[in-house]
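What follows is the residue order along each chain.
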Amino acid sequence: MTARAHQTQPRRSDATRAAILRAARERFAADGYERATIRAIAADARIDPSMVMRYYGSKEGLFAAAAEFDLRLPDLAAVPPRQRGEALIRHFLTRWEGDETLVALLRAASTNPGAAERMRGIFADQLTATVATFGTDPTTTARRAGLVASQILGLAFTRYIVRLPPMVDVEPEELVSWIAPTLQRYLTGLAEN
């Protein structure tokens, strides 16, 4: 076999990884993060469970690699400027309340570097692009998106992972009234020196 022919054939490890990811996506979607097991995923991929661990290290690492998340962010350019913070917090509360996979990824991100990288990528790419759509100063767009992410992820961590009683007990509408002004400042305000 020539070197060129060898380069065009997919490597066996690539096919194994693809089979694992396909099986993991299906299993996580069907069973949720907590009930999905490495054994079940390996059985679905028709491989030994040790291969899953070899390629992904842990269930959290596999989940992070398999996770395909679209935050489905609203078009903030279409929202009146004074309501952008409110629109964003309402959107995130709806997403977090209704999607256990985001909670699972946040839980995994707190202990797994691969999951943390995945979470960083999701928020950096999607949130920064959304903030950029309504004409923020390009030199502050990433900073604004990062500040918004700090509030959203902090809220999610205390409400859904740590389950801090004051955060769990508060109704979403009250959370909107507390958090929307902060997000509004991050999105449209000026940094004070």
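Our subject is the structure that appears above.
Residues numbered from 1 in each chain as written. Predicted model: local features only at pLDDT ≥ 70, side-chain atom pairs only at ≥ 80, totals over all residues. Heavy atoms only, no water.

A. Just the overall build of the protein, in detail. Of regular secondary structure, the protein possesses 11 helices and 0 strands. Helices (α) and strands (β) of the protein occur, in sequence order from the N terminus, as α-α-α-α-α-α-α-α-α-α-α. If one aligns the C-alpha atoms of the protein with their principal axes, the spans along those axes are about 65 × 45 × 30 Å. For the protein, the residues scored as buried account for 42% of the 193 residues in total. When the accessible surface of the protein is summed, it comes to about 11200 Å², and 53% of that surface belongs to carbon and sulfur atoms. Placing the 25 positive and 22 negative side-chain charges of the protein at their respective mean positions leaves the two points 7 Å apart. (Helix = DSSP H or I, 4+ residues; strand = E, 2+ residues; numbered from the N terminus. Buried < 20%, exposed > 50% of the residue type's maximum accessible area, 1.4 Å probe, protein only. Areas by Shrake-Rupley, 256 points an atom, 1.4 Å probe, with all protein chains shown as cover. Lys, Arg positive; Asp, Glu negative; His and termini not counted. Charge placed at Lys NZ, Arg CZ, Asp CG, Glu CD.)

B. Expanded view of helix H11 (residues 172-188). End to end, H11 covers 23 Å across 17 residues, agreeing with the expected 24 Å (1.5 Å per residue, within 8%). At Ile179, H11 shows its largest kink, close to 40 degrees, and the proline Pro181 lies no more than four residues downstream. For H11, the complete set of buried residues consists of Leu175, Val176, Ile179, Ala180, Leu183, Gln184, Tyr186 and Leu187. On the buried face of H11, the contacting elements are helix H6 (84-98), helix H8 (113-132), helix H9 (141-161) and helix H10 (165-169). (Expected span 1.5 Å × (residues − 1). Bend = angle between axes of the 7 residues up to and from the residue. Contact = heavy atoms within 4.5 Å.)

C. Summary view of H8. Compared with the 28 Å implied by 1.5 Å per residue over 20 residues, the 28 Å span of H8 between its first and last C-alpha is a close match. Structurally, H8 contributes buried residues whose contacts are with helix H5 (59-66), H6, helix H7 (100-109), H9 and H11.

D. Here's a closer look at the packing of aromatic side chains. This model, assessed by the stated rule, comprises 3 aromatic pairs. Aromatic pair Phe28 and Phe63: ring centres 4.9 Å apart, planes at 90 degrees, arrangement edge-to-face. Separated by 35 residues along the polypeptide, Phe28 in helix H2 (residues 12-35) and Phe63 in helix H5 bring together distant segments of the chain. There is no split in this pair, since Phe28 and Phe63 are both buried. A centroid spacing of 6.1 Å and a plane angle of 15 degrees characterise the contact between Trp96 and Tyr160, whose relative ring orientation is stacked. Of this pair, Trp96 sits in helix H6 while Tyr160 sits in helix H9; the two residues are 64 residues apart in sequence, bridging distant segments of the chain. Overall, Trp96 belongs to the buried group, its relative accessible area being 5%. (Phe/Tyr/Trp six-rings, centres within 6.5 Å; stacked < 30°, edge-to-face > 60°.)

E. Quick look at the environment of Ser110. With respect to the helices, strands and loops of the structure, Ser110 is situated in the loop between H7 and H8. Owing to a relative accessible area of 44%, Ser110 belongs among the partly exposed residues under this scheme. Separated by 50 residues in sequence, Ser110 and Glu60 have C-alpha atoms that sit 10.0 Å apart.

F. Quick look at unusual backbone geometry. Of note, Arg72 is a non-glycine position whose phi angle comes to about 50 degrees, a positive value. As for its position among the elements, Arg72 is in the loop between H5 and H6. Residue Arg72 is classed as exposed on the basis of its relative accessible area of 52%. One non-glycine residue, Arg163, adopts positive backbone phi at about 60 degrees.

G. Here's a closer look at the nonpolar core. In terms of nonpolar packing, the biggest core is built from 60 residues, with Phe28, Leu62, Leu88, Ile89, Trp96 and Phe123 touching the most fellow members. Leaving out residues up to four positions away in the same chain, Trp96 has contacts with Leu102, Val103, Leu106, Met119, Phe123, Ile152, Leu153, Ala156 and Tyr160. (Core = buried A, V, L, I, M, F, W, Y, C linked by side-chain atoms within 4.5 Å.)

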